[in-house]
Amino acid sequence: MPSIIGILALIIIGYTVGSVRIINQGTEALVERLGRYHRKLKPGMNFIVPVLDYIVLRDSVREQILDVAKQGAITRDNVSLEVDAVVYWRILELELTFYAIENVEQGIEELVITTLRSEIGKMEFEKTFSSRDELNRALLSQLDEATEPWGVKVTRVEVQEIIPPEEVRRSMQLQQAAELRSRAMVLEAQGEQEAAIKRAEATVQSIQMLSKALADRSDTGEILNYLLAQRYVDANQKLGESENSKVVFMDPKMLTEGLVELMHTDTTTPKHRPDPDDFPSRRR
């Protein structure tokens with residue numbers, strides 16, 4: 001009698017241990033009973049009926065990443081491209097994912113390739129780079145709708161690279177260089193315009209100062225001295241703009257005497273108004 005009880009105890013213990021199934025967090029399992037779907041096991045401790053029940057699938061319900069390799073595509077204006085993408089997806093209904101499609105990852109990848117080529121074919125080549133966000137949204141909308149019967153949720157789609165042919169890349173580089181040169185020319189012209197405006201403003205200020213000074217007859221000598229010096233600087237600047245090299249010799253004594261004479265000339269009727277051409281000079 002004690003031996004029979006011991007055997008029964010061992011059988012009960014073995015049956016209990018055999019019926020316990022531990023499912024980890026983030027994972028679910030599918031149980032079939034006699035070949036038909038019975039129920040889904042959640043994370044934690046679960047019990048099944050040995051011999052009758054069988055776990056056919058354990059899979060993660062966490063978000064997964066599918067990296068789609070580079071694929072060829074043609075834009076609406078017949079430019080060939082290579083495009084790759086990354087898809088983020090997760091399983092919502094494990095039983096649908098297992099029984100509705102044979103290989104869910106392969107199915108998602110084929111959908112991405114087909115949808116990506118279709119969306120690229122609707123765009124002009126120049127818009128494929130600037131419309132990447134629009135392309136991502138279109139892919140996400142279509143993939144999410146297509147994978148819903150599989151119990152799958154596509155959470156995000158990111159187009160990684162859009163690679164045009166080598167000759168197209170060279171043309172783009174030349175176009176960008178031309179745009180940079182054009183922009184530099186525009187900036188240079190704007191700078192010259194601003195400089196001309198500043199020079200004009202300085203000239204107006206000088207005229208205003210001269211008009212104000214002429215109102216006071218006692219400053220006529222100083223004004224004439226300023227005008228003479230300004231004409232002398234302008235003459236030397238024009239002389240220096242010539243492509244031929246030259247050397248100018250000038251007698252400092254005569255320049256000093258001319259300035260002194262101007263400063264002591266009658267302020268009302270100057271006797272003589274020196275001109276830069278009166279100074280002895282020689283060009284070579």
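Since the model is a prediction, treat every value here as computed from it, not as a measurement. (Residues numbered from 1 in each chain as written. Predicted model: local features only at pLDDT ≥ 70, side-chain atom pairs only at ≥ 80, totals over all residues. Heavy atoms only, no water.)

Here we come to the confidence of the model for the protein chain. For the protein chain, mean pLDDT is 75; residues scoring 70 or higher make up 62% of the total. Of all secondary-structure elements in the protein chain, the lowest mean pLDDT belongs to helix α8 (residues 252-264), at 51, while strand β2 (residues 27-33) reaches the highest, 92. Counting contacts from residues 266-276, a segment whose pLDDT is below 50, to residues more than four positions away or on other chains yields 11 contacts. Counting contacts from residues 278-284, a segment whose pLDDT is below 50, to residues more than four positions away or on other chains yields 16 contacts. (pLDDT = per-residue confidence, 0-100. Helix = DSSP H or I, 4+ residues; strand = E, 2+ residues; numbered from the N terminus. Contact = heavy atoms within 4.5 Å.)

The tally for this structure, following the rule as stated, stands at 9 salt bridges. Salt-bridge contacts for Lys-40 lead to Glu-28; the nearest nitrogen and oxygen are separated by 3.6 Å. Remark: Glu-28 occurs in strand β2 and Lys-40 occurs in strand β3 (residues 36-41); sequence separation between them is 12 residues. Each member of the pair, Lys-40 together with Glu-28, is buried. Taking the shortest distance from any N to any O, the salt bridge between Lys-122 and Glu-119 comes out at 3.4 Å. (Salt bridge = Lys/Arg side-chain N within 4 Å of Asp/Glu carboxyl O. Buried < 20%, exposed > 50% of the residue type's maximum accessible area, 1.4 Å probe, protein only.)

As a further point, take a nonpolar patch on the surface. A grouping of Ile-22, Met-45 and Phe-47 is seen on the molecular surface, where their side chains present a nonpolar patch of about 320 Å² in accessible area. Structurally, the position occupied by Ile-22 is in strand β1 (residues 20-23). Among the residues examined, Ile-22 registers a relative accessible area of 45% and is labelled partly exposed. (Patch = residues over 30% accessible without salt bridge, like charges linked within 9 Å, V, L, I, M, F, W, Y side chains within 5 Å. Areas by Shrake-Rupley, 256 points an atom, 1.4 Å probe, with all protein chains shown as cover.)

Here we come to the packing of aromatic side chains. Tallied over the full model, the rule gives 2 aromatic pairs. Pairing Tyr-37 with Tyr-99 gives two aromatic rings, centres 5.8 Å apart and planes at 70 degrees, and the pair type is edge-to-face. Residue Tyr-37 is found in strand β3, and its partner Tyr-99 is found in helix α2 (residues 94-100); the two are separated by 62 residues along the sequence. With a relative accessible area of 40%, Tyr-99 lands in the partly exposed category. Between Phe-98 and Tyr-99, the aromatic rings sit 4.8 Å apart at their centres with planes inclined by 85 degrees, giving edge-to-face as the arrangement. (Phe/Tyr/Trp six-rings, centres within 6.5 Å; stacked < 30°, edge-to-face > 60°.)

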